[in-house]
Amino acid sequence: MKDEGPPDVLSRRLGYLLKHAYLGLAAELDTALAPFRLIPRELGVLAVIAASPEQPSQLEIAARIGLDRTTMVGVVDSLESKGYVERHRSDRDRRRNVVTLTPAGRTCLEEAEEARERVERDFLAPLDETSAAALVEALLTLHLARSGASRADTVVHAPCGGEYPAGTDAGARLDGDPAAAPGAPSRW
């Protein structure tokens, strides 16, 4: 039996709508990432490691993405067993243990990010580009407000391509041309 949409009494309840949107996206991401032997959380960890200006420790990664220590250890253990990351002493500070991507991890990250971007693009297809960007911006605003994080250093990634500096109208591109098609891959 096909889902007929939410009952009228639930059709404007934020929690209900967010939950069902998330469940739909999560199922599609799980399917798209299965060939890479990844779950979305693991892909997020790979992305954070790759984007870090310095070699991050497990605790630094956990803090950046809001995972507890125990969960982070399990995620890094899983990624290490797949050959995507390795733990070792920092090149700069021998007292620190860091997590870095292996060559296989870099390749996996690039390919899995393409799959994630396709899923997100397809998921947001019912929305026009401006609405999709506004949705991402609104969710980021809520996340930052709840986490107490600063927007100053945050880069907003446009859905399915492009980046916007924090606080910039979602329709304006970094190059100042609001009509320009997004060019950079999405990393949100």
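Predicted model, so just to flag it, every value in this text is computed and none were measured.

Caption draft 1: Representation of the overall build of the protein. Along its length, the protein carries six helices and four strands. Its helices and strands in sequence order give the protein the pattern α-α-α-α-β-β-α-α-β-β, from N to C terminus. Taken over 188 residues, the protein has a buried fraction of 34%. Pairs at least 24 apart in sequence give 48% of the contacts found in the protein among residues at least 6 apart. Roughly 11700 Å² of accessible area belongs to the protein as shown, and the carbon and sulfur atoms make up 55% of that amount.

Caption draft 2: Layout of the pattern of salt bridges. Under the definition given, this model contains nine salt bridges. Between R116 and E117 there is a salt bridge, with the nearest N and O atoms lying 3.8 Å from each other. A residue is classified by how much of its surface remains accessible, and R116, at 6% relative accessible area, is buried. For E117, a relative accessible area of 12% gives the class buried.

Caption draft 3: Focus on the nonpolar core. Core analysis: the largest hydrophobic core is formed by 27 residues, its most contacted members being L38, L46, L79 and V85. For this core, the secondary-structure elements that each account for two or more residues are α1 (14–33), α2 (40–51), α3 (58–65), α4 (69–81), β2 (97–101) and α5 (103–123).

Caption draft 4: Molecular detail of unusual backbone geometry. Although it is not a glycine, R37 sits at a positive phi angle of roughly 60 degrees. Note that R37 resides in the loop between α1 and α2. Its relative accessible area of 47% is what places R37 among the partly exposed residues.

Caption draft 5: Representation of helix α6 (residues 129–147). The terminal C-alpha atoms of α6, which comprises 19 residues, lie 27 Å apart, in line with the 27 Å expected from a rise of 1.5 Å per residue. Every buried residue of α6 is listed here: A132, A133, V136, E137, L140 and L144. The buried residues of α6 occupy an angular sector of 130 degrees when the element is viewed end-on, so they sit on one face. Across from the buried face of α6, at angles greater than 90 degrees, the exposed residues are L142, A145 and R146. N-capping of α6 is provided by D128, with a side-chain oxygen placed 3.1 Å from the backbone N of T130. In the stretch just after α6, G148 is the one whose phi turns positive, near 75 degrees.

Caption draft 6: Summary view of α1. Taking 1.5 Å of rise per residue, 20 residues should cover 28 Å, and α1 covers 28 Å from first to last C-alpha, within 8% of that figure. Along α1, the residues classified as buried are L25, A26, L29, A32 and L33. In an axial view of α1, the angular spread of the buried residues amounts to 125 degrees, which keeps them on one side of the axis. Tucked inside the fold, the buried residues of α1 contact α2 and α5.

Caption draft 7: Here's a closer look at the packing of α3 against α4. The contact between α3 and α4 brings their axes to 10 Å, and the two run at 115 degrees. Taken together, the axes of α3 and α4 are roughly perpendicular relative to one another. At the point where α3 passes α4, the crossing takes the right-handed sense. In this structure, α3 uses Q58, L59, I61, A62 and I65 to contact α4, whose residues at the interface are R69, M72, V73 and V76. Its residues assigned to classes, the contact of α3 with α4 shows seven nonpolar, one polar and one charged.

Caption draft 8: Molecular detail of a nonpolar patch on the surface. Residues L14, L18, L127, L135, L139 and L142 make up a contiguous nonpolar surface patch of about 520 Å² in total accessible area. For the nonpolar patch, the secondary structure elements donating two or more residues are α1 and α6. It is α6 that provides the largest number of residues to the nonpolar patch, a total of three residues.

How each quantity is defined
- Residues numbered from 1 in each chain as written.
- Predicted model: local features only at pLDDT ≥ 70, side-chain atom pairs only at ≥ 80, totals over all residues.
- Heavy atoms only, no water.
- Helix = DSSP H or I, 4+ residues; strand = E, 2+ residues; numbered from the N terminus.
- Buried < 20%, exposed > 50% of the residue type's maximum accessible area, 1.4 Å probe, protein only.
- Contact = heavy atoms within 4.5 Å.
- Areas by Shrake-Rupley, 256 points an atom, 1.4 Å probe, with all protein chains shown as cover.
- Salt bridge = Lys/Arg side-chain N within 4 Å of Asp/Glu carboxyl O.
- Core = buried A, V, L, I, M, F, W, Y, C linked by side-chain atoms within 4.5 Å.
- Expected span 1.5 Å × (residues − 1).
- Arc of directions from axis to C-beta.
- Polar contact = N/O pair within 3.5 Å; in protein donor to acceptor, adjacent residues only side chain to side chain.
- Axes fitted to C-alpha atoms, helices over the stretch in contact; angles between N-to-C directions.
- Parallel < 35°, antiparallel > 145°, perpendicular 65-115°, else oblique.
- Left-handed = near helix turned anticlockwise from the far one by under 90°.
- Nonpolar A, V, L, I, M, F, W, Y, C, P; charged D, E, K, R; others polar.
- Patch = residues over 30% accessible without salt bridge, like charges linked within 9 Å, V, L, I, M, F, W, Y side chains within 5 Å.

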